[in-house]
Amino acid sequence: MVEVNGIFHYSNIIRFYSDIKNNNSSKFYPIPADNYGLSLDLNSKNSTIVNFKIYTLNGKLNQNKTELLKMDFNKISLNASLLFPEIYLIEY
């Protein structure tokens, strides 16, 4: 980040990863999110409990949702009404 006076700072790098074993694919839509919500389609080769977290870019937790994924196709809905126009990070 570069400040007005020309001084710059490097931000910390935060790594997000999926710990869902044998996950085939995932898809978020619509981008940008609309008033109807944000959907996540996930194909999983096993049943597992997953915790979804949505963070702002400055690290503030916006949403936290726990879901039981079944084997095969899963459709998860996240509340977009709590998302203001900004860039978010999703951890699951």
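Scroll up a little and you will see the structure.
Values in this document were obtained by computation on a predicted structure and should not be read as measured data.

## Regarding a nonpolar patch on the surface
A surface patch of nonpolar side chains, amounting to about 280 Å² of accessible area, comprises Leu57, Ile87 and Leu89. Tracing the sequence through the fold places Leu89 in strand β6 (residues 88-91). Overall, the relative accessible area of 30% leaves Leu89 in the partly exposed class.

## Thoughts on the sheet that holds strand β3 (residues 48-56)
Within the open sheet, the three strands sit side by side as β4-β3-β6. Their pairing is antiparallel. If you trace the sheet from one side to the other, it starts and ends with β4 (61-69) and β6, each paired once. Across the sheet, the axes of successive neighbouring strands diverge by a mean angle of 15 degrees, strand direction being ignored. One ladder, built from four bridges, connects β3 with β6; its direction is antiparallel. Looking across to β6, one finds that Tyr55 is bridged to Leu89.

## Considerations on the pairing of β3
Sheet analysis places β3 next to β4, joined by eight bridges and oriented antiparallel. Bridge pairing in β4 places Asn51 opposite Thr66. Counted between consecutive antiparallel strands, the loop separating β3 from β4 contains four residues, among which Gly59 sits at a positive phi close to 90 degrees.

The rules behind the values
Residues numbered from 1 in each chain as written. Predicted model: local features only at pLDDT ≥ 70, side-chain atom pairs only at ≥ 80, totals over all residues. Heavy atoms only, no water. Patch = residues over 30% accessible without salt bridge, like charges linked within 9 Å, V, L, I, M, F, W, Y side chains within 5 Å. Areas by Shrake-Rupley, 256 points an atom, 1.4 Å probe, with all protein chains shown as cover. Salt bridge = Lys/Arg side-chain N within 4 Å of Asp/Glu carboxyl O. Helix = DSSP H or I, 4+ residues; strand = E, 2+ residues; numbered from the N terminus. Buried < 20%, exposed > 50% of the residue type's maximum accessible area, 1.4 Å probe, protein only. Pairing = 2+ DSSP bridges. Axes fitted to C-alpha atoms, helices over the stretch in contact; angles between N-to-C directions.

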